[in-house]
Amino acid sequence: AFSGGVDSSALFFMLQHAGIEFDIAIVDYNLRAQSKQEVAYAQELAEKYSKKIFIKNVEKIDGSDFENNARKIRYAFFDEIVAEFHYDVLLTAHQLNDKFEWFLMQLSKGAGVATLCGMQKQTSRGDYTIIRPILDISRQKLLYFLTSNDIKYFEDSSNFDHKYKRNFFRHNFANAFVAHFEDGLARSFEYL
């Protein structure tokens, strides 16, 4: 699952460096002008590194809960690709900051341990497995990897829009906490 952002760009080059075979799936929600550049970047990488690329263009997302509806569209697309091309693994670039944001969002609603720790390195989804290989690495480390290796990536401007609940938690709580307590946080999630 590729977006052209920090996380998926870092994962792309980590997998490439490790010699792991993979292809690219990207969803364009057509909400930002920059999304066309992100898709073009994915196409450029696919061509350069001989990857298949699957692109989903979304014209409109119905409903008021954009994040949830976008997630449903994205995973339905992944399900179609897996079924048609017989993949057995979906790699996503969720990282430590994402896991902590999820934790905080669930904590704020009142959730049990299973829900609080819901984002795992590996989960089953129908006929395939979702693997999150960089779940214990912070966004800061991924960004350092990209900048120190002069690797291109995009910053999604919607990541700064506080109308999305995840961004509120990210910018007000999660990023600073992870920056100061990354190792302890990663160990705590492992223990949980």
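Residues numbered from 1 in each chain as written. Predicted model: local features only at pLDDT ≥ 70, side-chain atom pairs only at ≥ 80, totals over all residues. Heavy atoms only, no water.

Quick look at the pairing of strand 4 (residues 122-125)
- As paired elements, strand 4 and strand 5 (residues 128-131) share four bridges and run antiparallel to each other. Bridge pairing in strand 5 links Ser124 to Thr129.
- Counting the residues that bridge the hairpin from strand 4 to strand 5 gives two residues, and of these Gly126 lies at a positive phi of roughly 60°. (Pairing = 2+ DSSP bridges. Helix = DSSP H or I, 4+ residues; strand = E, 2+ residues; numbered from the N terminus.)

A short note on helix 3 (residues 66-85)
- In this model helix 3 runs 28 Å from its N-terminal to its C-terminal C-alpha over 20 residues, within 8% of the 28 Å that 1.5 Å per residue would give.
- For helix 3, the set of buried residues is Asn69, Ala70, Tyr75, Phe77, Phe78, Ile81 and Val82.
- Turning to helix 3, the residues buried within the fold contact strand 1 (24-28), strand 2 (53-57), strand 3 (89-91), strand 4 and strand 5.
- Just beyond helix 3, the residue with positive phi is His86, at close to 60°. (Expected span 1.5 Å × (residues − 1). Buried < 20%, exposed > 50% of the residue type's maximum accessible area, 1.4 Å probe, protein only. Contact = heavy atoms within 4.5 Å.)

Quick word on the nonpolar core
- Counting residues in hydrophobic clusters, the biggest one holds 21 residues, and the most contacted among them are Phe2, Phe12, Phe13, Ile24, Tyr41 and Leu45.
- When contributions to this core are tallied by element, the ones reaching two or more residues are helix 1 (6-18), strand 1, helix 2 (34-48) and helix 6 (139-148).
- With six residues, helix 1 is the single largest residue contributor to this core.
- Not counting chain neighbours up to four residues away, the residues in contact with Phe12 comprise Phe2, Phe22, Ile24, Leu45, Tyr49 and Lys51.
- Formed by 15 residues, the second largest nonpolar core is a distinct cluster that contains Val58, Ile61, Tyr75 and Phe78. (Core = buried A, V, L, I, M, F, W, Y, C linked by side-chain atoms within 4.5 Å.)

A closer look at the pattern of salt bridges
- According to the stated counting rule, one finds eight salt bridges in the structure shown.
- As a salt-bridge pair, Glu101 and Arg170 come within 2.9 Å of each other at their nearest N and O atoms. Taken together, the positions of Glu101 in helix 4 (residues 96-109) and Arg170 in helix 7 (residues 165-191) put the pair 69 residues apart, joining distant regions of the chain. Each member of the pair Glu101 and Arg170 is classed as buried.
- Ionic pairing is found between Lys141 and Glu182, a salt bridge with its closest N-O pair at 3.3 Å. Placement of the pair is Lys141 in helix 6 and Glu182 in helix 7, with a sequence separation of 41 residues.
- With relative accessibility at 45%, the residue Lys141 sits in the partly exposed group. (Salt bridge = Lys/Arg side-chain N within 4 Å of Asp/Glu carboxyl O.)

Without other data, these values stay purely geometric and don't point to any function.
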